[in-house]
Amino acid sequence: MVDIKEKYKDLQPLPCGIQDFEKIRTNGLLYADKTEYVYKLANDPNGEVYFLGRPRRFGKSLFLSTLECYFNARKDLFEGLKIMELEQKWTKYEVLRFDLSGCSTTDDLKDKISRSLRKYENKYGYTALDKTEGARMSTLVETAAKGEQQRVVVLFDEYDSALQQTMYNEEEHKKMRDFYRSFFAVLKSESHYIFKIFLTGIMKFTQLSLFSVLNNIKILSANDEYAGVCGFTHEELQSCFRRHVERLADASEMTYNQAYQSIIDRYDSYSFSKNLTKVINPYSLLNALADCELNNYWTISGSTKVLMDTIDSGEHQMPNWECEYMDKLALEGNDADRKNLVLSLYQTGYLTIKEYIKDLQAYKLGIPNHEVKEAISKLIVPRILSKDESLVESTIFQFKKEFIFGNLERAMQFLQALVAGTPYSQDNTSKAIEERFQFIVVQVLFLCGFKPQSEVSIATGRMDIVCKTKWRNAIFELKMTSNGGLDAASEQIKDRSYAAPFLAEDKELVTFAVEFDSIEKSLTRWRVEKIK
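Residues numbered from 1 in each chain as written. Predicted model: local features only at pLDDT ≥ 70, side-chain atom pairs only at ≥ 80, totals over all residues. Heavy atoms only, no water.

(A) Broad picture of the sheet that holds strand 4 (residues 194-201). Spatially, 5 strands are ordered 2-3-4-1-5 in an open sheet, and the strand pairing comes out parallel. Since the sheet does not close on itself, it has two edges, and those belong to strand 2 (94-99) and strand 5 (217-219), each with one partner. Neighbour-to-neighbour, the strand axes of this sheet turn through a mean angle of 15°, independent of strand direction. Looking at chain direction, strand 1 (residues 49-53) and strand 4 are connected through 5 bridges and run parallel. Bridge pairing in strand 4 places valine 49 opposite isoleucine 197. Contacting strand 1, strand 2, strand 3 (152-157) and strand 4, helix 4 (residues 60-71) crosses the sheet at an angle of about 165° to strand 4. In this fold helix 7 (residues 133-144) packs onto strand 2, strand 3 and strand 4, with an angle of close to 150° to the strand it touches most, strand 2. (Pairing = 2+ DSSP bridges. Helix = DSSP H or I, 4+ residues; strand = E, 2+ residues; numbered from the N terminus. Axes fitted to C-alpha atoms, helices over the stretch in contact; angles between N-to-C directions. Contact = heavy atoms within 4.5 Å.)

Given below as structure tokens:
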């Protein structure tokens, strides 16, 4: 038996939850070197204002902290890192950094900005409390620039947080937008004193706020050159974290390759640009390696409020988690919009780029990994069903167990219990209700670990759902009571020979004719037929 503690006693500590570059470096914590990106941004001659969008817990704050230390010319913190081979001058700038997270009202945001401004006003030895936040910011930039002797760098972390918080409160959201415009307009008027402005966030509110005030903003979110700026690449996992992966392997009684692949399956496969550079969720990886356990850390750490509000609004049909397509310009250029659920799911990390289709100038989106799949089960599906998370999880498990062991009538009873009373979206047409129930069935099969496909076309028609497992092929045809119900579903399966394409496969083949009732909001009847 390997003595894990003794074998790995000299292992470099991990910076779990630490987003402060100086603290990581001075405390000797492990740091995956991202300083080449810092140098590239700082010395980019074609940009002055930058925005980087990434999901929560993806290292945006740490990258901003690294920029702050670089522009403060803290050369001592960068010893041994790539930037030491690139940077020769180490010019010192005055850095003004603001964290805009955690505000749900305009007054909260004003108060937080005011406190940050006060901190800098104390530093530079003057008082301006009688002025507006915008006027104080203007004075601060000019003061920090020391009468044009030194230009200033301005950093905004989670700039979009307050806008997210108010997206479903139109009156407060308008107040928030108006404040953003007036506050950030100052930066444009003081641009003579400013060297660079960097902003991070999850969502981009181009038309709503500062993007319409600040000209020529450079969006890095889908830029191939910065695809690996946040998160850890495969190369970094192998070079920086190899010993930690070895410890995980020993603790879990796996080989190194098995542990490595388990990490990839659970936390990897986020892509944010056309070149499909894959990165691993940094928050989850660091915690998993520290605990020597592959848990769902991202879900436990919380969820994005705007996404949950969007789902709760009932305005949307859910997407096809495995195959959604989005126009290149829409994904890269569109604003955060409560009406665009797929874009929100991408920006918040529930969907990621799986493929870039050059001929169509479009992206194919899908779920990144097992951790996100579990997050959908824990956060999204219960909200759609309007049921308790533990009840949904338990019922899906019961359905899965009965389905696997061939107790299909019993499995359908659990499915019936799961979908009973499901609220509709705002579109109450028969087609919309049928699509919503179809979506729910697909999600249940998906969360069972199966591979369902919806709207599968064959020569004779289009099947609602096909679910393939190692031991069984299952065909589902769903009909509303008002659209013929059970008999219409059964007849369509037979008349269009839905079973024919699967007869040659050496598997059990079963068809499910299912009826939903729009009045009872329930799966009311079903007919299960074993074809072979």
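After that view, the rundown keeps rolling.
(B) The pairing of strand 14 (residues 508-517), seen in detail. Among the 10 residues of strand 14, 9 are classified as buried, and the element is accordingly described as predominantly covered. With 9 bridges connecting them, strand 13 (residues 472-480) and strand 14 associate as parallel partners. Each bridged residue has a counterpart across the sheet, and for lysine 479 the counterpart in strand 14 is glutamate 515. Chirality of the crossover, the property in question, places the unit of strand 13, helix 22 (residues 485-495) and strand 14 among those that are right-handed. Pairing analysis gives 8 bridges linking strand 14 to strand 15 (residues 522-530), with the strands arranged antiparallel. In the sheet register, phenylalanine 516 faces strand 15, and the bridge partner there is leucine 523. Taking the residues between adjacent antiparallel strands as the criterion, strand 14 and strand 15 are bridged by 4 residues, where lysine 521 takes a positive phi near 55°. (Buried < 20%, exposed > 50% of the residue type's maximum accessible area, 1.4 Å probe, protein only. Right-handed = clockwise from strand over helix to strand, strands pointing away.)

(C) Up close: the packing of helix 3 (residues 35-42) against helix 4. It is at 10 Å that the axes of helix 3 and helix 4 come closest, and there the two elements cross at 60°. Between helix 3 and helix 4 lies a crossing of right-handed hand. Facing helix 3, whose interface residues are Thr35, Tyr37, Val38, Tyr39, Leu41 and Ala42, helix 4 presents Phe63, Thr66, Leu67, Tyr70 and Phe71. (Left-handed = near helix turned anticlockwise from the far one by under 90°.)

(D) The side chain of serine 271, seen in detail. Relative to the elements of secondary structure, serine 271 occurs in the loop between helix 12 (256-267) and strand 7 (279-280). Not counting chain neighbours up to four residues away, the residues in contact with serine 271 comprise Leu276, Thr277, Lys278, Tyr346, Thr352 and Ile353.

(E) Focus on the pattern of salt bridges. The tally for this structure, following the rule as stated, stands at 30 salt bridges. Lysine 218 is the partner of aspartate 44 in a salt bridge, and the nearest nitrogen-oxygen pair spans 2.7 Å. In this pair, aspartate 44 is assigned in the loop between helix 3 and strand 1 and lysine 218 in strand 5, connecting sequence segments 174 residues apart. Linked by salt bridges that have partners in common, Asp10, Arg242, Arg243 and Glu246 make up one network. (Salt bridge = Lys/Arg side-chain N within 4 Å of Asp/Glu carboxyl O.)

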